[in-house]
Amino acid sequence: MLNLDRLRVLHAVATTGSVVGAARTLHVTTSAISQQVGRLEREMGQLLVERRGRGVRLTEAGELLARHAGELLAHAERVESGMAEHRGVVAGSLTIAAFATAARGLLPGALRDLRARHPELSVALAEREPHEAIPDLRRGRLDVAVVQDWAEDVTPAPDGLTRRDLLDDTFDVALPDAHPLAGRDRVAVGELAGDDWIGWSTGQICHDWLVRTLRAEGGEPRVVHTASEHSTQLALVAAGLGVAVIPRLGREQAPPSVRYVRIDPPPIRRVFALWRESAAGRPAIGAAVAALRRQAAAVPSA
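Residues numbered from 1 in each chain as written. Predicted model: local features only at pLDDT ≥ 70, side-chain atom pairs only at ≥ 80, totals over all residues. Heavy atoms only, no water.

## A look at helix α8 (residues 205-215)
An α-helical turn contains 3.6 residues, so any two residues separated by three or four positions project in the same direction.
Okay, step 1: Those residues of α8 that sit buried are C206, H207, W209, L210, V211, T213 and L214.
Okay, step 2: Elements in contact with the buried residues of α8: β5 (144-150), β6 (161-176), β8 (196-199), β9 (222-226), β10 (244-247) and β12 (268-276). (Buried < 20%, exposed > 50% of the residue type's maximum accessible area, 1.4 Å probe, protein only. Helix = DSSP H or I, 4+ residues; strand = E, 2+ residues; numbered from the N terminus. Contact = heavy atoms within 4.5 Å.)

## Some points on unusual backbone geometry
Okay, step 1: Backbone torsion omega between D264 and P265 reads -5°, so that peptide bond is classified as cis.
Okay, step 2: Here P265 lies in the loop between β11 (258-263) and β12.

## Some points on the domain arrangement of the chain
Okay, step 1: The assigned domain composition of the chain is domain 1 (4-83) and domain 2 (89-301).
Okay, step 2: Domain 1 and domain 2 are separated by 34 Å when their C-alpha centres are compared. (Domains from an automatic or database assignment.)

## A closer look at the pattern of salt bridges
Pairing is possible between side chains that carry opposite charge, provided their charged atoms lie close to one another.
Okay, step 1: A full pass over the atoms with the stated rule returns 16 salt bridges.
Okay, step 2: Of the charged contacts in the structure, one is a salt bridge between R128 and D136, with a shortest N-O distance of 2.6 Å.
Okay, step 3: Between R141 and D136 there is a salt bridge, with its nearest N and O atoms 3.9 Å apart.
Okay, step 4: Judged by relative accessible area, D136 falls into the buried class, the value being 8%. (Salt bridge = Lys/Arg side-chain N within 4 Å of Asp/Glu carboxyl O.)

## What about empty space enclosed by the protein?
Okay, step 1: This model, assessed by the stated rule, comprises one cavity of 30 Å³ or more.
Okay, step 2: Empty space within the largest cavity amounts to approximately 30 Å³.
Okay, step 3: If you trace the largest cavity, you find it lined by R104, H230, L234, I246, P247, G250, R251, E252 and Y260.
Okay, step 4: Every element with two or more residues in the lining of the largest cavity is listed here: α9 (230-238) and β10.
Okay, step 5: Considering only residue class, the lining of the largest cavity consists of four nonpolar, two polar and three charged. (1 Å grid on protein atoms, 1.4 Å probe; cavity = no way out; pocket = protein on both sides within 12 Å on 5 of 7 lines; lining within 4 Å. Points joined across faces, edges and corners; volume = space filled by probe spheres on them. Nonpolar A, V, L, I, M, F, W, Y, C, P; charged D, E, K, R; others polar.)

## A word on the side chain of T59
Okay, step 1: When you line up the elements, T59 lands in the loop between β2 (55-58) and α4 (60-87).
Okay, step 2: Not counting residues within four places of it along the chain, the set of residues in contact with T59 comprises L47, L48, V49 and E50.

Quick look at the structure:
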């Protein structure tokens, strides 16, 4: 009979591409991974993994078994989820990942709500960007991921994941109070295209959106400063070093020398939750998503 723990190890090697990655995913040592793979090879009577330079690759037999392992593990999770649903108790442990703004603006209230309603449920929060959270969710390292996309750059739910929209998050522009447009009620992005900009690091979803939007206005954007924290961006704006777009979700009070001005038309990103279809029956998943939706509904729209 196939051992699910060993299949889980092989599947982790396949999805992460290395023994080290599998060890990190499963929170065990690399030697434990190698031992489990060796035992599985003896049970199968075939070589499943072979060394390639400093790394490893799956043999043809290993790739075949890893594909079946993914299906078997998903089925096992569906069975466990179904049993938990039948029991109907919101208990156990749950890990939720969220990008920084949602971790600040949504999760504290949602976690407080879950603790009050379901004291037998232990929930841990991990702050992760979507490009980190989605692979970890698919590998089983997370239970729920709160991620984002833009109407012009949709992130489809990967196979095996379910999506539930939480809220639309509007961005405004933060201007130094000495800026010529700081006294306006609304500005168009095109009116600011020639300004120095303060943005996010290259590769982050919001950075890519900003660069794409400014380029559409007819020029190469001057993103002269980058910072992941909105508080840092606002400090740079307050120093008169540029302008920045700041989301309303989780927004902090601006420094006295900074003015928030609405953008016309308003840039909007969509915030949503993802979880594995195979775990959908777990009462804890349903409770977490419900808490996130309640908290999202309470977020001010302006």
